[in-house]
Amino acid sequence: MSDFDVQDNAANHRFELLVDGAVAGLAMYRRRGDTVVVVTHSEVNPEFRGRGLGNELAQRTLDLIRSRGEKVVPICPFFARYVSEHPEYDDIVVE
C-alpha cells in the first residue's frame, strides 16, 4: 500500500500529490485574494497514471483547501468535473 499526501508548494503555486515521497501529480493554482484558490491545471506524471491518482489529487487538494477555510474556483476541466460529481464540495466552490 502506497502512502499518499498532498502538500502546498506555495513558491511554485501548485499542490503536489506525493506517493511514497515522490511527486506523482500536481494541481497548478493562482490566488484570488486571501481566501480563494483558482485551480487552473492538473496532471498526473506518466509513470503514475492508471492508478486513480487524479481522483486522489483532487480529493486531497479540496480537503486541504477546505481545512484552511478557503474556497475554490475549479477552472481546470478535471477539477471542474470532479466537483460536479462530488456535491460534498459544493460548500467551498465559488464562481
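Residues numbered from 1 in each chain as written. Predicted model: local features only at pLDDT ≥ 70, side-chain atom pairs only at ≥ 80, totals over all residues. Heavy atoms only, no water.

K.L.:
I tried to follow the overall build of the protein chain on my own but got confused; where do I start?
P.N.:
What the protein chain contains, in helices and strands, is 2 helices and 5 strands. Ordering the α and β elements of the protein chain from the N terminus gives β-β-β-β-α-β-α. At 12 Å, the protein chain has a C-alpha radius of gyration in line with the 12 Å of a compact globule built from 95 residues. By its C-alpha atoms, the protein chain is 35 × 30 × 20 Å across when sized along the principal axes. Counting every position in the protein chain, which comprises 95 residues, the buried fraction comes to 39%. For the protein chain, the proportion of contacts with a sequence separation of at least 24, taken over those separated by at least 6, is 40%. When the accessible area of the protein chain is evaluated, it comes to approximately 5200 Å², of which 48% is carbon and sulfur surface. (Helix = DSSP H or I, 4+ residues; strand = E, 2+ residues; numbered from the N terminus. Rg over C-alpha atoms; globule rule 2.2 N^0.38 Å. Buried < 20%, exposed > 50% of the residue type's maximum accessible area, 1.4 Å probe, protein only. Contact = heavy atoms within 4.5 Å. Areas by Shrake-Rupley, 256 points an atom, 1.4 Å probe, with all protein chains shown as cover.)

K.L.:
Which parts of the structure should I look at to understand the pattern of salt bridges?
P.N.:
Two side chains of opposite charge can pair, provided their charged atoms sit close to one another. Tallied over the entire structure, the rule returns 6 salt bridges. Here R14 ties to E16 by a salt bridge, and the two come within 2.8 Å at their closest N and O atoms. In this structure, E70 engages R31 in a salt bridge whose closest nitrogen and oxygen atoms are separated by 3.0 Å. Of the two residues, E70 sits in the loop between helix 1 (53–67) and strand 5 (71–74) while R31 sits in strand 3 (residues 22–32), which places them 39 residues apart along the sequence. Judged by its relative accessible area of 9%, E70 falls in the buried class. When salt bridges that share partners are traced, they join D8, R31, R68 and E70 into one network. (Salt bridge = Lys/Arg side-chain N within 4 Å of Asp/Glu carboxyl O.)

K.L.:
Please explain unusual backbone geometry as it appears in this structure.
P.N.:
Comment: phi is negative for the bulk of residues other than glycine, and the bulk of peptide bonds are trans. Of note in the backbone geometry, H13 takes a positive phi value of approximately 55° without being a glycine. Mapped onto the secondary structure, H13 falls in the loop between strand 1 (4–9) and strand 2 (14–19). For H13, a relative accessible area of 44% corresponds to the partly exposed category. Although it is not a glycine, D20 adopts a positive phi angle of roughly 50°. Among the residues examined, D20 registers a relative accessible area of 53% and is labelled exposed.

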